[in-house]
Amino acid sequence: MDSVPSPRLDPGSGTARFPLLFPAVEAVAQRRTTLLLSQTSDELPAVLWCGTAPGQDGVAWDAEQGERAASSDSAVPLLPEHWRGWFGRPGLGGHRLAEAAGTPPAGRDWAPAFTLDSALVEASALTLRARDDVAGLALVTEVESLPGGALRVRHALTNTGPGAYVVDHLDVVVPVPSRAREGLDFTGRILHERTPQRRQVIDGLWLRENRRGKTAHDAATLNTVGTAGFGFATGEVWGVHVGWSGNHVHRTELLDGILTIGGGELLLPGEVVLAQDESYRTPWVYVAASDEGLDGLAARFHEYLRSLPAHPGSARPVNFNVWEAVRFRHDTAELIELAELAAEVGAERFVLDDGWFRGRRSDRAGLGDWWVDEGVFPHGLTPLVHRVRELGMEFGLWFEPEMISQDSDLYREHPEWIVSTGSRTPLLERNQLVLDLSRPDVVRYLVERIDTLLTEYDISYVKWDHNRAVLDGGSGQTGGAPVIHAQTVAYYALLDELRRRHPRVEWESCSAGGARIDMEVLQRVQRVWTSDMTDALARHSIQRWTGQLLPPEYLGAHVAAPFSLYTGRYMPLDFRAATAFFGHFGIEWDIREASTEDRAVLKDWVRLYKEHRTLLHGGRTVRGDTSDERAWTHGVIAHDHSAALMAHVQFEDGLNTTSPRLTIPGLLPDKEYRIRAVRPAAQAAVSRADDIPPLPEEGSLMSGAALAHIGITLPPLCPLQVVLLLAEAA
């Protein structure tokens, strides 16, 4: 983590003074998300203000201005408390159980009043410790300033009193300026992840709950509020993301003119009951602000993810996945033929998807039996792995560790290993049930089987799937009481143990496509499968909006067959390849059926991706605001402003007869840039043949200012065409 100057401290005390600007005044010029905290007595500090800079033109408040602001009656405690006059959803919901007959009844200590013990600032972290001796509770709140300019916040609650304390919810909440009266979050379903939905912010509590036992297709992902009409490049916006792969909530509340956003884990009844001296810690809740619209907000999260030890880097290898080519029809000779063609077009990694293990000839059987199917692979995977490695490619393998089929040896031996409520068997989804990872014997089994395979074969990549929601999420070990929290924690521990044993393996998070995408799983994986939808037209929106949280190098994006497996719609090869180009590029197509000419075109796209992947996976994502949804622009700008690679995507025939213009923001205004079109611009079909403006010739020069404000005139394109333009500093 990069170093952030400490806020003002009392000399020699090591404790923070209030009002306190966090991060420090000196750091505000770096366009960080900043909180102004105030404390008027011994209660918990309150947040007076949250934003990118506490003043105009990035000029920070001085101490005197901060003292005046501390008198504001719109401040919100870092944990909103009922006793302080907060009539909205409290930050903590819980109560104490009765100890025994004749003792005080249940329901006590539901409205704690915390007092501050200490406030310690160390480098980029602020730690607040508080207690309520009457309620028998202690609270620790951590606030971290992250690389890229976001913050993350979490609470830890300890039961210091006698008797058990039930935690119903514990949320992180921050206030934002009330001028943010428009909201944006996401919904979706399988094959249509992260569909944006905008709304007006009105009085009351807006609560999005994710109850599917994992980060689901319809999860909010990122809850954003902003000034009216905010777009990709304009407006003030504030965003919150709950970094948790289980049940969770996002919240927006407007109460008496005070606007707050936040979230936390969604706890099922009785899921967290603290005995004396036991603690519960919330997930990290990520908070970011931007005065540069949604692209500025995205940059906060992208730069943080690029700072993680698990980040994959910018030289992302070209994947070839066999799923849409063969599905469950596995044959060594056929797979080797595909591997040879994949290597010929330039693939660098070959991934064997679902269907390789014992009894898995369809999706109705085999999950849990993690042995190579001897009937399909009589010599194991060795011949295939050896040939793939001989061709210069890495070898990857698909698993779905948390799932079990009823038609499996594992289920016949251990039917008690499933997640269930009481004695009933949950409804099937995708012909499978969920293994109870809260059981140590289940985790030991999975570690042994997966570790054995990763040791036996030269596997450098694992696609980890989680295809169904968790229904009836209880455990036989707890009499059917809910274990979604324990299941989520155990998933992290399982993946962490396998990562420890196999540090060179790269991991992909797949969950029936693009579910289970969140900041906590991204602490551990190098790639996500953005969606099972490989229809390039539908994929544009999914990738565009998943990119609000994740940078392009995480977003698995594949060139599929000409006719989509899921929509039946035909897409030209250049359009399919240009769509995958702006993610982690791969191929998922039976290229034995491709013509020699198409394989040559695909090979050229692979070459182009390799040439530009450092820029694609290291620069700042930009997306053009438009009033015409028939065409979009998007691209990547190098952080040193030396280059930009932009796409103009024509979905349908244009509304107007005039030629479109593509602008490129973010370059140096006084610097000249050479502009050139890269494939497929030279072959792009146009919607009319007369008076067609030419594309920029090789070596054309334009200033950064002209590119940002005037742009480049493009030929009017036919539907499903893309123009790629590269600008490089002269």
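In case you missed it, the structure is sitting above this.
Keep in mind the model is a prediction, meaning the values are calculated, not measured. (Residues numbered from 1 in each chain as written. Predicted model: local features only at pLDDT ≥ 70, side-chain atom pairs only at ≥ 80, totals over all residues. Heavy atoms only, no water.)

Undergrad: So what's going on with the packing of helix α11 (residues 573–581) against helix α12 (residues 596–616)? Residues and values would help.
TA: The description of two packed helices rests on the angle between their axes and on the distance between the axes. Here α11 crosses α12 at 20°, and the two axes come no closer than 10 Å. Looking at the two axes, α11 sits roughly parallel to α12. Crossing hand, α11 versus α12: right-handed. Contacts between α11 and α12 pair L573, D574, A577, A578 and F581 from the former with D598, V601, L602, W605, L608, Y609, H612 and L616 from the latter. (Axes fitted to C-alpha atoms, helices over the stretch in contact; angles between N-to-C directions. Helix = DSSP H or I, 4+ residues; strand = E, 2+ residues; numbered from the N terminus. Parallel < 35°, antiparallel > 145°, perpendicular 65-115°, else oblique. Left-handed = near helix turned anticlockwise from the far one by under 90°. Contact = heavy atoms within 4.5 Å.)

Undergrad: Describe in detail the pattern of salt bridges, supporting the description with residues and values.
TA: Summed over the entire model, instances satisfying the criterion amount to 54 salt bridges. In this structure, E508 and R527 form a salt bridge, with 3.1 Å as the shortest nitrogen-oxygen distance. Taken together, the positions of E508 in strand β28 (residues 506–509) and R527 in strand β29 (residues 527–529) put the pair 19 residues apart, joining distant regions of the chain. For the pair E508 and R527, one class covers both residues: buried. A network of salt bridges, in which partner residues are shared, links R329, E334, E337, D590 and R592. (Salt bridge = Lys/Arg side-chain N within 4 Å of Asp/Glu carboxyl O. Buried < 20%, exposed > 50% of the residue type's maximum accessible area, 1.4 Å probe, protein only.)

Undergrad: So, the sheet that holds strand β2 (residues 34–38): which residues are in play, and what are the values?
TA: Strand pairing in a sheet takes place through backbone hydrogen bonds and is either antiparallel or parallel in direction. As summarised here, the arrangement of the 4 strands in space is β1-β2-β3-β4, forming an open sheet in which the pairing is antiparallel. The sheet is open, and its two edges are formed by β1 (20–22) and β4 (76–77), each paired on a single side. As paired elements, β1 and β2 share 3 bridges and run antiparallel to each other. The residue of β2 that forms the bridge with F22 is L35. (Pairing = 2+ DSSP bridges.)

Undergrad: Just give me the short version of the sheet that holds strand β22 (residues 319–321), but keep the residues and values in it.
TA: Ordered by their spatial adjacency, 8 strands build a closed barrel running β22-β23-β24-β27-β28-β29-β30-β31, and the pairing between neighbours is parallel. The sheet shows a mean angle of 30° between the axes of neighbouring strands, direction not considered. Pairing geometry for β22 and strand β23 (residues 349–352), over 3 bridges, is parallel. For N321, the partnering residue across the bridge sits in β23 and is V351. Here helix α9 (residues 484–501) sits on the sheet and contacts β27 (461–464) and β28; the angle it forms with β27, its principal contact strand, is near 170°. Contacting β30 (555–559) and β31 (584–587), α12 crosses the sheet at an angle of about 160° to β31.

Undergrad: I'd like a description of the environment of S541, backed by residues and values.
TA: Within the secondary structure, S541 is located in helix α10 (residues 536–546). The exposure class of S541 is partly exposed, given its relative accessible area of 26%. Taking C-alpha positions, S541 is 7.6 Å from T195, a pair spaced 346 residues apart along the chain.

Undergrad: Lay out the packing of α10 against α11 with the relevant residues and their values.
TA: Their axes nearest at 10 Å, the elements α10 and α11 cross at an angle of 15°. If you check the angle between α10 and α11, you find them roughly parallel. Both α10 and α11 take part in a crossing whose hand is left-handed. Between α10, through A536, L537, R539, H540 and Q543, and α11, the contact on the second element is made entirely by F575, R576 and T579. Along the lines of polarity and charge, the residues of the contact of α10 with α11 split into 3 nonpolar, 3 polar and 2 charged. (Nonpolar A, V, L, I, M, F, W, Y, C, P; charged D, E, K, R; others polar.)

Undergrad: Just give me the short version of the pairing of β27, but keep the residues and values in it.
TA: Covered by surrounding structure in β27 are Y461 and K463 together with V462 and W464, the residues of both alternating faces. Note: β27 against β28, 4 bridges, orientation parallel. Residue W464 lies in a different strand from β28, and its bridge partner there is S509.

Undergrad: Can you tell me about helix α3 (residues 293–306), naming the residues and giving the values?
TA: Compared with an ideal rise of 1.5 Å per residue, which puts 14 residues at 20 Å, α3 spans 20 Å between its outermost C-alpha atoms and is within 8% of the ideal. Most of α3 sits out of view: 13 of its 14 residues are buried. (Expected span 1.5 Å × (residues − 1).)

Undergrad: Tell me about α9, and name the residues and values.
TA: Between its terminal C-alpha atoms α9 stretches 26 Å, which fits the 26 Å expected from 18 residues at 1.5 Å a residue. Listed as buried for α9 are I484, H485, Q487, T488, A490, Y491, Y492, L494, L495 and L498. Buried residues along α9 sit in contact with β18 (258–265), β20 (279–281), β26 (433–434), α8 (440–456), β27 and β28.

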